[in-house]
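Coordinate analysis (summary)
Chain residues, written in single-letter form:
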Amino acid sequence: MAQFARPDTDTNNVDAYTDQAGGSTNLYATIDETVAADADYIRTVPDPSSDVIVFRLSDVTDPVSSSNHVLRVRAGTDQASGGNAINLTAQLRQGYVNEGTPGTLIATLTQSPISDGSFTTYSLTLSGAEADAITDYTALFLRITMTI
């Protein structure tokens, strides 16, 4: 049976990401959907300079398999309003505490640049070694960095 770890807590909003309405609390709730809903989203400042946000992921059980571990991120940008192309780095980490103690890097998804004009789903299938590096499925985090 498929399992999906979704953001369930804002862990570290280093660079003041906000939701689509400008709010800065419970941002995880804007991106935790089962089916993509582009009406709510998080955003960074225009022209981000390595802007970081981290979310704890919901607990899942160890599937006892090294296959079919997929990291998915949905992102978009609006260069029509004068913004620059934005690059995305999404990291799956285990045991993240803060930027000084970022835990173990499991996998990295990079998209340079993010698609302009509409939201696009980007995905990375973890290698067997990356999936096997996960030793605690209750301590996974999604660390996102945006840059120009």
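Residues numbered from 1 in each chain as written. Predicted model: local features only at pLDDT ≥ 70, side-chain atom pairs only at ≥ 80, totals over all residues. Heavy atoms only, no water.

**With respect to the pattern of salt bridges**
According to the stated counting rule, one finds four salt bridges in the structure shown. Note that Arg 56 is salt-bridged to Asp 8, the shortest N-O span being 2.8 Å. With a gap of 48 residues between them, Arg 56 in strand β4 (residues 51–57) and Asp 8 in strand β1 (residues 7–12) connect regions that are remote in the sequence. Taking relative accessible area as the criterion, Asp 8 reaches 28% and is therefore assigned partly exposed. With a closest N to O distance of 2.6 Å, Arg 143 and Glu 99 form a salt bridge. (Salt bridge = Lys/Arg side-chain N within 4 Å of Asp/Glu carboxyl O. Helix = DSSP H or I, 4+ residues; strand = E, 2+ residues; numbered from the N terminus. Buried < 20%, exposed > 50% of the residue type's maximum accessible area, 1.4 Å probe, protein only.)

**What about the packing of aromatic side chains?**
The final tally for this structure, using the stated rule, is two aromatic pairs. Centroid distance Tyr 41 to Phe 119: 5.6 Å. Interplanar angle 45°. Geometry classified as tilted. Taken together, the residues Tyr 41 in the loop between β2 (18–19) and β3 (42–43) and Phe 119 in the loop between β7 (104–111) and β8 (120–125) connect sequence positions 78 residues apart. Its relative accessible area of 29% is what places Phe 119 among the partly exposed residues. (Phe/Tyr/Trp six-rings, centres within 6.5 Å; stacked < 30°, edge-to-face > 60°.)

**Considering the sheet that holds β1**
In space, the five strands of this open sheet follow the order β1-β4-β9-β6-β7, with antiparallel pairing throughout. Across the chains shown, the open sheet's two edge strands, defined by having one partner strand only, are β1 and β7. Taken pair by pair, the neighbouring strands of this sheet meet at an average axis angle of 25°, ignoring direction. Direction of pairing for strand β6 (residues 87–94) relative to β7: antiparallel, over a ladder of seven bridges. Note on β7: the bridge partner recorded for Arg 93 is Leu 105. (Pairing = 2+ DSSP bridges. Axes fitted to C-alpha atoms, helices over the stretch in contact; angles between N-to-C directions.)

**What to know about the nonpolar core**
Within the largest apolar cluster, 26 residues are counted, with the highest numbers of intra-cluster contacts made by Leu 88, Leu 92 and Ile 144. Counting residues per element, the ones that place at least two in this core are β4, β5 (70–75), β6, β7 and β9 (140–147). Looking at this core, the element that brings in the most residues is β9, giving four residues. (Core = buried A, V, L, I, M, F, W, Y, C linked by side-chain atoms within 4.5 Å.)

**Some thoughts on the pairing of β4**
With respect to burial, β4 is a largely interior element, six of its seven residues being buried. The pairing of β1 with β4 spans four bridges and is classified as antiparallel. Across the sheet, Pro 7 pairs through a bridge with Leu 57, a residue of β4. Bridge count for β4 against β9 is six bridges, and the pairing is antiparallel.

**Considerations on the environment of Pro 113**
Within the secondary structure layout, Pro 113 lies in the loop between β7 and β8. As for Pro 113 and Ala 85, which are separated by 28 residues in sequence, their C-alpha atoms are 5.8 Å apart. When neighbours within four sequence positions are excluded, Pro 113 is seen to be in contact with Ala 85, Ile 86 and Asn 87. (Contact = heavy atoms within 4.5 Å.)

**Examining unusual backbone geometry**
Of note, the amide linkage connecting Ser 112 to Pro 113 takes the cis form, showing an omega dihedral of -10°. At Ala 16, a position not held by glycine, the phi torsion is positive, near 60°. With respect to the element layout, Ala 16 can be found in the loop between β1 and β2. Positive phi outside glycine occurs at Asn 26, with the angle close to 50°. Topologically, Asn 26 is positioned in the loop between β2 and β3. Given the relative accessible area of 48%, Asn 26 is considered partly exposed.

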